[in-house]
Amino acid sequence: MELQGKIIAALDVKTGTSARGEWKVQEFVLETLDGQYSRKMVFSVFGAERLQTFNIQVGQDVTVKFDIDAREYNGRWFNSIRAYDVRQVVPGAAAPEMPPFDTPVASGSPTPPPAGFGEPADGGSDDLPF
């Protein structure tokens, strides 16, 4: 899933140690404007490498790609929204428009087929009716 909005809060980094070694996770609050009402979503980024790569700052406009999962603990269910890609939105840069799928794409002269294309591999005649 994907959502675009502004980072309004960065929560404290949490660290720990597991059987696999050290880990880091940080949660961020994203605010979107859906119509006339704003919505907020808390998402987490897991891993020191991702935190460093994404370099998320409060006030940035970003696009977040994320997965949603739920798990049960003591008879209660909890949602987990984990980001796997966060990109800063560049102001004034519009996404390139793609033509509708049924619109023919203009191109230069067609590329000729390679030499020997369509000829029998053994060099003999092809007796197929088409």
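Anyway, here's the lowdown on the structure attached to this text.

Procedures and definitions
- All residue numbers refer to position in the chain's written sequence, counted from 1.
- Local features in a predicted model are, by the rule used here, given only for residues with pLDDT of at least 70; side-chain atom pairs are given and counted only at 80 or more, and totals for whole chains, interfaces and linings are based on all residues.
- Hydrogens and water are ignored here; the side-chain numbers use all heavy atoms of the structure.
- Salt bridge, as applied in this entry: a Lys or Arg side-chain nitrogen positioned within 4 Å of an Asp or Glu carboxyl oxygen.
- Secondary structure elements are defined from DSSP: runs of H or I of at least 4 residues count as helices, runs of E of at least 2 residues count as strands, and each element is numbered from the N terminus.
- Burial classification: accessible surface area is computed with a 1.4 Å probe over protein chains only, and a residue below 20% of its type maximum counts as buried, one above 50% as exposed, and the rest as partly exposed.
- Residue contacts follow a heavy-atom distance rule, with two residues in contact if any of their heavy atoms lie within 4.5 Å.
- By this definition, two strands are paired if DSSP reports at least two bridges between them.
- Method remark: on a 1 Å grid restricted to protein atoms, a set of points is classed as a cavity if a 1.4 Å probe fits but cannot get out and as a pocket if it is open with protein on both sides within 12 Å along at least five of seven lines; lining residues have an atom within 4 Å of a point.
- Grid points are joined across faces, edges and corners, and a volume is the space filled by probe spheres set on the points.
- Under the scheme applied, nonpolar residues are Ala, Val, Leu, Ile, Met, Phe, Trp, Tyr, Cys and Pro; charged residues are Asp, Glu, Lys and Arg; polar residues are all the others, including Gly.

## So, the pattern of salt bridges
For the structure on display, the rule yields 3 salt bridges. Of the charged contacts, one joins Lys-6 and Asp-61 as a salt bridge, the two residues approaching to 3.9 Å between their closest N and O atoms. Of this pair, Lys-6 sits in strand β1 (residues 2-10) while Asp-61 sits in strand β5 (residues 61-73), and the two are 55 residues apart along the sequence. Look at Lys-6 and you get partly exposed, because its relative accessible area is 36%. In this structure, Arg-87 engages Asp-85 in a salt bridge whose closest nitrogen and oxygen atoms are separated by 3.1 Å.

## Overview of the environment of Phe-28
Of note, Phe-28 is situated in strand β3 (residues 21-34). In this structure, the C-alpha to C-alpha distance between Phe-28 and Met-41, residues 13 residues apart in sequence, is 8.2 Å. If we skip the residues at most four places from it in the chain, Phe-28 touches Ile-7, Ala-9, Ala-10, Met-41, Val-42, Phe-43, Val-45, Leu-51 and Ile-56.

## Some remarks on the pairing of β1
Direction of pairing for β1 relative to β5: antiparallel, over a ladder of 5 bridges. Across the sheet, Lys-6 pairs through a bridge with Asp-61, a residue of β5.

## What to know about the side chain of Ser-80
The topology assignment puts Ser-80 in strand β6 (residues 76-88). If we skip the residues at most four places from it in the chain, Ser-80 touches Asp-67, Ile-68, Asp-69 and Arg-71.

## Describing the layout of surface pockets
In this structure, the largest pocket occupies an estimated 310 Å³ of space. In terms of lining, the largest pocket is formed by 13 residues, of which the most central are Val-25, Glu-27, Ser-44, Arg-71 and Ser-80. Among the elements of the structure, β3, β4 (37-46) and β6 are those that each provide at least two residues to the lining of the largest pocket. In the lining of the largest pocket, the residues fall into 6 nonpolar, 3 polar and 4 charged.

## Digging into the environment of Lys-14
Counting through the fold element by element, Lys-14 comes out in strand β2 (residues 14-18). Along the chain, Lys-14 and Phe-46 lie 32 residues apart, while their C-alpha atoms are 9.7 Å from each other.

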